[in-house]
Every structure is written in C-alpha cells, then in structure tokens.
Amino acid sequence: MSAQQFDQNLGDILQNVRQIDNFLDVVFEFLYRRTDFYRTMRDDRDTMGLPPGMARRLVMQAFMKYEQMAKIPSAEIQQGPAPSMAQEVEVGSDEKAKGEGSSQQTKDPATGSVLNEKAKEKNSEENVTDVSKTKASLTSADTYNGALRDAYAWSQTLKDVDIKVFVPSNIKTAKQLSVDIKAEHIKVATKEPGGPTVLLEGKVNSRINTEESMWSLDPGKYVQINLEKRTETWWKHAIEGEPDIDGKSIDNTQHIHEMDEESQSDYRRVMYDFEQKRHGKPSSKELETQDMLKKAWNAEGSPFRGTEFDPTKFNISTG
C-alpha cells in the first residue's frame, strides 16, 4: 500500500488547518476519538488498547523512519545500497566523536583526550554503573513479549522486534558505533582506536527485512534496533544461544494497528455501530439500507415518486 494514495485527502486537511501543528493535532485527535490508540492495557486479559509505552514507541518509530529519509542528501547518513546496512537514525547529542591518535595511545571516544590506565579503569567502572542505571530505568514495554538480558533488552509484536543494546556512558554519537544488520544476523560494536568492542553479536531467531529495519542511539544509554520480521511469528529468543522465553507468557492479543486493512475496516465499523447505538442512531447497515430505499422511493414507476421519503413505511431489518 502506497501512502501517496492519501495525498489528496491529507492535502485538503493541511490546506484547511494551514499549520503543521494544527494538522498533527487533527491526526492525533482522530486517534483519540476513533481508535484505542491512547488506551493502555491494564493487564494481559485486556483486549482493548496498547501495551504500556507502545503508542509513544510507534510514533517515534514513524518519526525516525522519515527523519532518516529526509537526511538522505547529507553525507552524514550511514545508509547505502549494501543489503547488510539497515537504516540508522541518530537521536540526541550532536557532539563530534574524535578517534584520531597514535596507536600507542587510548583516547576517550567522546572527548578525544588521551586516557591513562587509571582513567581507563575509572571509565570502565563508571560504564558498568551506568548500564545498571539504564537497566533500572526500563519499563515493562521494553520487555513486552520479550526479556531482559545482560547486554540488552528486547520486546516484540507479531510484526517486529525492538532490541535495546546497552552502551557505555561515553558513547554519545552514532559515529562511535558500528551497527551491522543482516537478514539473519546483527552486530553492534564500538569504534575505538585499539580496535572495536563488540556489545552484541549473533544470529536472530528468524529472517528479517533489512530494508525496513533501523537503529538509533540514545546517547550514553542504549542503541535501539527495530527489526521487521519477514514472517509474522512469535520469536522464542532475540539472539541465538540466549534462553527461550516462556511461550505461555506471550500476549497473543492482536491490536488494531497490527490488523490487515479489511480487519481494521470491520473493527472500525463495529466501533461506529456501537457509538451509533449508544446515541440511539441507525447502524451503518441501516444507513446503507435507507440509502437504497431512498433511491427506490424516487425511481421511475414508484408510487412514492416526488414525495418526501418516509422510512416509517418500511419494516427495516438488518438481520
């Protein structure tokens, strides 16, 4: 499905409201009024709404996807024709990483200053502490249908997987990282003068679409990798060799944004009919039937032709 087919409708809305902030307000108000986008699931049995944090994450994923595309003319983008390179989005600090220097010296990737042995030990200790803080700040959304591991946390829906790989606190820009995403394998490493430090490497549970996968950096905290599954199936683990999650703990609820277009249309019709019934108004099927009767009312040969349509003359049953 191409989003361009909606250009006319969206263009009309933008022309009416005139400003981007008003346009976005219209979009999110629609989600608020007509969908369960803003409803948070209370427990695993709740079939309405989204898991905690999911709505915000979906918005950020969409924003980062097109932010990346907007940067394409820039030489800063680490995206090319090679199938092994997924999309990269840098979020946060614009501080420039400096890695130049003698092979005999170790420099701080964030500042470029030469580190002595004591400084390196101190940085190592601080990084361990910062990773612990990052883990403590995670929410249930970060491990939704997934798990927390030593080097990362992962979550999943039926269509995609999110992996947050913890990074040292001195990793401030995307240029300090090497992220390689292939159809069955991912690797995350820091770029350092003394050689790369691998943060995570391994085979993923099943094949992914590299063209639709992307990553972003939350400076000093984690690399967030979003992987689109090639096949809609539940993963037992994110990286091969890690313990499998308990399949019984997976929330199999399918949310409206995960449904196909026909199912979403049926869902919206049911919700519309519910609201109509609540206000004592006709359902969508009753309205369709009335439209057909109106046309028949004024059709050639009809005894009612030329008179005002009166639905009380019919016994309308929608079954």
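Preceding block: the structure.
Computed from a predicted structure; not experimentally measured.

Colleague: Quick question: what am I supposed to make of the overall build of the protein here?
Modeller: When you go through the protein residue by residue, the secondary structure sums to 6 helices and 11 strands. Per-residue burial for the protein yields a buried fraction of 34% across its 319 residues. Summarising the internal contacts of the protein: among those between residues at least 6 apart in sequence, 51% fall at separations of at least 24. Counting every atom, the protein has about 19900 Å² of accessible surface; 50% of that belongs to carbon and sulfur.

Colleague: Help me out: how do you make sense of the packing of aromatic side chains in this one?
Modeller: Aromatic ring pairs: the centre-centre distance and the angle between the two ring planes describe each pair. Per the stated rule, a full pass over the model turns up 4 aromatic pairs. Their ring planes at 90° and their centres at 5.3 Å tell us that Phe-37 and Tyr-38 sit as a pair that is edge-to-face. Ring centres of Trp-297 and Phe-304 lie 4.3 Å apart, and the angle between their planes is 15°; on these two criteria the pair is classed as stacked. With a relative accessible area of 2%, Trp-297 lands in the buried category. Owing to a relative accessible area of 29%, Phe-304 belongs among the partly exposed residues under this scheme. Taken together, Tyr-32, Phe-37 and Tyr-38 form an aromatic cluster joined through their ring pairs.

Colleague: Can you walk me through the sheet that holds strand S8 (residues 185–190) in this structure?
Modeller: Picture the strands of a sheet paired through backbone hydrogen bonds; they go either parallel or antiparallel. Pairing is antiparallel across the open sheet formed by 3 strands, whose spatial order is S7-S8-S9. The outermost strands of the open sheet, each flanked by one partner alone, are strand S7 (177–181) and strand S9 (197–203). The mean inter-strand angle of the sheet, taken between neighbouring strand axes irrespective of direction, is 5°. Both S7 and S8 contribute to a ladder of 5 bridges, which runs antiparallel.

Colleague: Before we go on, may I ask you to explain empty space enclosed by the protein in this structure?
Modeller: Per the stated rule, a full pass over the model turns up 1 cavity of 30 Å³ or more. The volume enclosed by the largest cavity comes to roughly 30 Å³. If you trace the largest cavity, you find it lined by Arg-57, Asp-142, Ser-155, Asp-162, Ile-163 and Lys-164. Ranked by the residues each element gives to the lining of the largest cavity, the list is headed by strand S6 (residues 160–166), at 3 residues. Of the residues assigned to the lining of the largest cavity, the class counts are 1 nonpolar, 1 polar and 4 charged.

What counts, and at which threshold
Residues numbered from 1 in each chain as written. Predicted model: local features only at pLDDT ≥ 70, side-chain atom pairs only at ≥ 80, totals over all residues. Heavy atoms only, no water. Helix = DSSP H or I, 4+ residues; strand = E, 2+ residues; numbered from the N terminus. Buried < 20%, exposed > 50% of the residue type's maximum accessible area, 1.4 Å probe, protein only. Contact = heavy atoms within 4.5 Å. Areas by Shrake-Rupley, 256 points an atom, 1.4 Å probe, with all protein chains shown as cover. Phe/Tyr/Trp six-rings, centres within 6.5 Å; stacked < 30°, edge-to-face > 60°. Pairing = 2+ DSSP bridges. Axes fitted to C-alpha atoms, helices over the stretch in contact; angles between N-to-C directions. 1 Å grid on protein atoms, 1.4 Å probe; cavity = no way out; pocket = protein on both sides within 12 Å on 5 of 7 lines; lining within 4 Å. Points joined across faces, edges and corners; volume = space filled by probe spheres on them. Nonpolar A, V, L, I, M, F, W, Y, C, P; charged D, E, K, R; others polar.

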